[in-house]
Amino acid sequence: MTTPTRKHTALPKARTLIEALPWLTRHHGKTVVIKFGGNAMVDEELKAAFAQDVVFLHHAGLRPVVVHGGGPQISAQLDRHGLTSEFKAGLRVTSPEAMDVVRMVLAGQVQRELVGLLNQHGPLAVGLTGEDAHTITATKHLPTIDGEPVDIGRVGEITRIDTGAVEALLADGRIPVVSSIARAEDDGHVYNVNADTAAAALAAALGAETLMVLTDVEGLYEDWPHSDEVISRLTATELEKLLPDLSSGMVPKMEGCLFAVRNGVTTARVIDGRVPHSILLEIFTDEGIGTMVVPDQEPGGQG
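An account of the accompanying structure is given in this report.

Rules behind the numbers
- Per chain, residues are indexed from 1 in the order of the written sequence.
- For a predicted model such as this one, the threshold for reporting local features is a pLDDT of at least 70, and the threshold for listing and counting side-chain atom pairs is 80 or more; totals across whole chains, interfaces and linings nevertheless cover every residue.
- Hydrogens and waters are ignored; side-chain quantities use all the structure's heavy atoms.
- Labels follow the DSSP assignment, with helices taken as runs of H or I lasting at least four residues and strands as runs of E lasting at least two, numbered in each case from the N terminus.
- In what follows, a contact means two residues having at least one pair of non-hydrogen atoms within 4.5 Å.
- What makes a salt bridge here is a side-chain nitrogen of Lys or Arg within 4 Å of a carboxyl oxygen of Asp or Glu, nothing more.
- A 1.4 Å probe rolled over the protein chains alone gives each residue an accessible area, and that area as a share of the maximum for its type sets the label: buried under 20%, exposed over 50%, partly exposed in between.
- The axes used here are C-alpha line fits, helices contributing only the stretch in contact, and every angle between their N-to-C directions lies in the interval 0 to 180 degrees.
- In what follows, roughly perpendicular refers to angles from 65 to 115 degrees, roughly parallel to angles under 35, roughly antiparallel to angles over 145, and oblique to any angle outside these ranges.
- A clockwise turn of the near helix away from the far one marks a right-handed crossing, whereas an anticlockwise turn of less than a right angle marks a left-handed crossing.
- Any residue outside Ala, Val, Leu, Ile, Met, Phe, Trp, Tyr, Cys, Pro, Asp, Glu, Lys and Arg is labelled polar, Gly included; the first ten of those are nonpolar and the last four are charged.
- By this definition, two strands are paired if DSSP reports at least two bridges between them.

Before going further, it helps to spend a moment on the environment of Val115. Mapped onto the fold, Val115 is located in helix α4 (residues 96-118). Remark: the alpha-carbon pair of Val115 and Ala51, spanning 64 residues in sequence, is separated by 8.8 Å. In this view, Val115 contacts Ala125, Val126, Gly127 and Val177; residues no more than four positions away in its chain are not counted.

Below is the structure:
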């Protein structure tokens, strides 16, 4: 009489799968843009779990697109080359020499590793940078510090997205992995662009269902540092009011979420990349984790 016991122990697994069913139905065929970053990018187990999640989404009928930067890896490589890492207005000062390192690290190291992890599960991932097929075009970004525009080198402000190459890969059943480097609109250079901003711009241009940004926090906190209560859902206008008080690291992430939902993306989410399989938990369970941003005009939407 072993069968009933075996059935019994398998039941929780069945319940988990059934819980995913309405979410599978809702997201089937939809494009989801995932910004890969933070701890998930440097921890071996989290990297492997991230790759499994993205492949799972693909096999579940979604169309995942991965966008990545590589802050820690870039800093380490600049160090090896005897180049100092300097930041102004929260952005990396990128000299022509530093830009060569950024390009090498993003396209030749971080992207290659991610493509390799995804392709352990089949011939799925294809890497490209924003330079390829004019995917991301930018002009020189001059941040304002103390009321004055400041030159921080080869840092770009995105002006245009061409989704042709990404769409072609998705149509072919592939998983595009995009490095946050842009071609210049006007001066023949290559630009380093913020990966959160690039992911948001690409999500909007693709008409994605969801933008997911992996971070090293649980989400957006209600009243940090006085409380660690995470806001689970808020509207674009509510988020806009909070932006001036956010920590500098969260600003590009939340500005990206705001841009996405104001430009046609159904939901934008900041999720804790330190939790293994956080992507699956967010998309396929009733609880969800992290903070979800929704457009103001969503029917029945509330903060």
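Let's shift gears to the pattern of salt bridges. Under the definition given, this model contains 14 salt bridges. A salt bridge links Asp296 to Arg262, with the nearest nitrogen and oxygen atoms 3.6 Å apart. Here Asp296, found in the segment after β18 (291-294), pairs with Arg262, found in helix α8 (residues 251-262); they are 34 residues apart in sequence, far enough to count as distant. Residue Asp296 is classed as partly exposed on the basis of its relative accessible area of 36%. In this structure Arg262 comes out as partly exposed when scored by relative accessible area, which is 39%. We note a salt bridge from Glu282 to Arg269, for which the minimum N-O separation is 2.9 Å. Remark: Arg269 occurs in strand β17 (residues 267-272) and Glu282 occurs in helix α9 (residues 278-284); sequence separation between them is 13 residues. Here Glu282 matches Arg269 in class, with each residue buried. Each member of the salt-bridge network shares a partner with another, and the members are Lys35, Asp196 and Lys253.

Note that Ala40 resides in the loop between β1 (31-36) and α2 (44-59). A residue is classified by how much of its surface remains accessible, and Ala40, at 1% relative accessible area, is buried. Residues Ala40 and Pro276, 236 residues apart in the sequence, show an inter-C-alpha distance of 8.4 Å. Setting aside chain neighbours within four positions, we find Ala40 in contact with Leu46, Lys47, Leu214 and Gly273.

For the rest of this paragraph, the subject is the packing of α2 against α4. In the contact formed by α2 and α4, the axes pass within 9 Å of each other and the chain directions differ by 60 degrees. Classified by the angle between their axes, α2 and α4 sit oblique to one another. Our pair here, α2 against α4, has a crossing hand that is right-handed. On the side of α2, the interface is formed by Glu44, Lys47, Phe50, Ala51, Val54 and Val55, while α4 contributes Glu113, Leu114, Leu117 and Leu118. Split into classes, the residues belonging to the contact of α2 with α4 amount to seven nonpolar, no polar and three charged.

Attention shifts here to the sheet that holds strand β10 (residues 175-179). The eight strands are arranged β5-β10-β2-β1-β13-β17-β18-β16 in an open sheet whose pairing can be described as mixed. Each edge of the sheet is formed by a strand with only one pairing partner; in this case those strands are β5 (125-129) and β16 (233-235). This sheet shows a mean twist of 20 degrees between the axes of neighbouring strands, independent of strand direction. Where β17 meets β18, three bridges bridge the pair, whose relative direction is antiparallel. In the sheet register, Val270 faces β18, and the bridge partner there is Thr291. Lying over the sheet, α4 contacts β1, β2 (63-68), β5 and β10, oriented at roughly 165 degrees with respect to β5.

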